[in-house]
Amino acid sequence: NISMRRLPKFLVALTLAGAALTTQATAEIIHKHSPHSVAVTIDRLQAAVEGAGATVFARVDHAAGAASAEMVLRPTQLLIFGNPKLGTPAMQQMQTAGLDLPLRVLAYEAEDGMVHVTYNNPADLAADHGLPADAPYLAMMTGALDKLTSKAIAQD
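Residues numbered from 1 in each chain as written. Predicted model: local features only at pLDDT ≥ 70, side-chain atom pairs only at ≥ 80, totals over all residues. Heavy atoms only, no water.

1. Notes on the overall build of the chain
And then number 1: For the chain, the helix and strand inventory stands at 6 helices and 5 strands.
And then number 2: Written out in order from the N terminus, the α and β elements of the chain read α-β-α-β-α-β-α-β-β-α-α.
And then number 3: In the chain, which comprises 156 residues, the proportion classed as buried is 31%.
And then number 4: Taken as a whole, the chain presents about 9,700 Å² of accessible surface, with 60% of it coming from carbon and sulfur. (Helix = DSSP H or I, 4+ residues; strand = E, 2+ residues; numbered from the N terminus. Buried < 20%, exposed > 50% of the residue type's maximum accessible area, 1.4 Å probe, protein only. Areas by Shrake-Rupley, 256 points an atom, 1.4 Å probe, with all protein chains shown as cover.)

Next up, the structure:
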C-alpha cells in the first residue's frame, strides 16, 4: 500500500519512468534541406545510390498515390534502397532488422515550399532490434546515408 503522504512522490516517479520509456522509444529522424524540387532531389539521390553500387528497390510517389484517390498531397517521394553487404550482417544478428531494411529516404515539400530530406538514424536499429550499438555496419550505413543525401542536396 502507498500512503497518501507518499502518493505524490510515487506519481512523480511513475511519470518520470514513463517519460524515459517514451524517450527511448522515440526514433531519431535526420533532417536536411534541399535546394531542389522533390523529384529532382530523389532523382539525384537515386543516381548517387546507383553510382555507389547500391540497389534501388522502389521509388514511391506518395503525391501520385494521393491523386489516384482524388486527394491532394504536396510533392512527397520515398526512395527505398540498400546494399546487401551492409544489411545482411544486421539481419544475420537479428532478423527483425529486416523490418527497417532496406534503407529509406523521404523527400517532401513543406507548406512553405521548402524541400525536406529525412531518414531514420541507423543507430536506432541497435535499440529497436537488439543489435550492438558499435556494429561496424551501423557506422557504415550512417556514413553512407549522410554522403548520399548530401550529394542529392548539393548545389553543384
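Moving on, there is more to tell.
2. Some points on the side chain of Thr149
And then number 1: Tracing the backbone through its elements, the reader meets Thr149 in helix H6 (residues 136-153).
And then number 2: For Thr149, a relative accessible area of 0% translates into the label buried.
And then number 3: At 2.7 Å, the side chain of Thr149 and the side chain of Lys32 are in polar contact. (Polar contact = N/O pair within 3.5 Å; in protein donor to acceptor, adjacent residues only side chain to side chain.)

3. Considerations on H6
And then number 1: Counted at 1.5 Å a residue, the expected span for H6 with its 18 residues is 26 Å, and the 26 Å between its end C-alpha atoms agrees.
And then number 2: Every buried residue of H6 is accounted for by Tyr137, Leu138, Met141, Leu145, Leu148, Thr149, Ala152 and Ile153. On an axial view of H6, the arc spanned by its buried residues comes to 125°, and they lie on one face. Away from the buried face of H6 by more than 90 degrees, exposed residues Pro136, Ala139 and Lys147 are located. (Expected span 1.5 Å × (residues − 1). Arc of directions from axis to C-beta.)

4. A word on the confidence of the model for the chain
And then number 1: The pLDDT averaged across the chain works out to 88; a share of 83% of its residues lies at or above 70.
And then number 2: Across residues 10-24 the pLDDT falls below 50, and counting only partners more than four positions away or on other chains, this stretch makes 1 contact in the model. (pLDDT = per-residue confidence, 0-100. Contact = heavy atoms within 4.5 Å.)

5. Some words on helix H2 (residues 38-51)
Helical periodicity: at 3.6 residues per turn, an α-helix aligns residues three or four positions apart in one direction.
And then number 1: Its 14 residues give H2 an end-to-end C-alpha distance of 20 Å, which sits within 8% of 20 Å, the value for a rise of 1.5 Å per residue.
And then number 2: Along H2, the positions that sit buried rather than exposed are Val38, Thr41, Ile42, Leu45, Ala48 and Val49. The buried residues of H2 occupy an angular sector of 120° when the element is viewed end-on, so they sit on one face.
And then number 3: As for H2, its buried residues are in contact with strand E1 (29-34), strand E2 (55-61), strand E3 (76-82), strand E4 (103-109), strand E5 (115-120) and H6.

6. Some details on unusual backbone geometry
And then number 1: With omega at 0°, the peptide bond leading from Leu101 into Pro102 counts as cis.
And then number 2: In this structure, Pro102 sits in the loop between helix H4 (84-93) and E4.
And then number 3: Even without a glycine there, the phi angle at Glu70 is positive, about 60°.
And then number 4: Overall, the relative accessible area of 77% leaves Glu70 in the exposed class.
And then number 5: Although it is not a glycine, Asp156 sits at a positive phi angle of roughly 50°.

7. A look at the pattern of salt bridges
Between side chains of opposite charge, a pair can form as their charged atoms come close.
And then number 1: On inspection of all chains with the given rule, the structure shows 4 salt bridges.
And then number 2: Ionic pairing is found between Asp146 and Lys32, a salt bridge with its closest N-O pair at 2.8 Å. With Asp146 in helix H6 and Lys32 in strand E1, this pair connects stretches of sequence that are 114 residues apart.
And then number 3: Taking the relative accessible area as the measure of exposure, Lys32 reaches 13% and is therefore buried.
And then number 4: Measuring nitrogen to oxygen at the nearest pair gives 2.7 Å for the salt bridge that ties Asp43 to Arg59. With Asp43 in helix H2 and Arg59 in strand E2, this pair connects stretches of sequence that are 16 residues apart.
And then number 5: The class for Arg59 is partly exposed, based on a relative accessible area of 33%. (Salt bridge = Lys/Arg side-chain N within 4 Å of Asp/Glu carboxyl O.)

8. Some thoughts on the nonpolar core
And then number 1: In terms of nonpolar packing, the biggest core is built from 29 residues, with Leu45, Phe81 and Met141 touching the most fellow members.
And then number 2: Breaking this core down by element, the ones donating at least two residues are H2, E3, H4, E4, E5, helix H5 (123-129) and H6.
And then number 3: Once you skip the residues sitting within four places of it in the chain, Met141 turns out to touch Leu86, Gly87, Ala90, Leu101, Leu103, Pro122 and Leu125. (Core = buried A, V, L, I, M, F, W, Y, C linked by side-chain atoms within 4.5 Å.)

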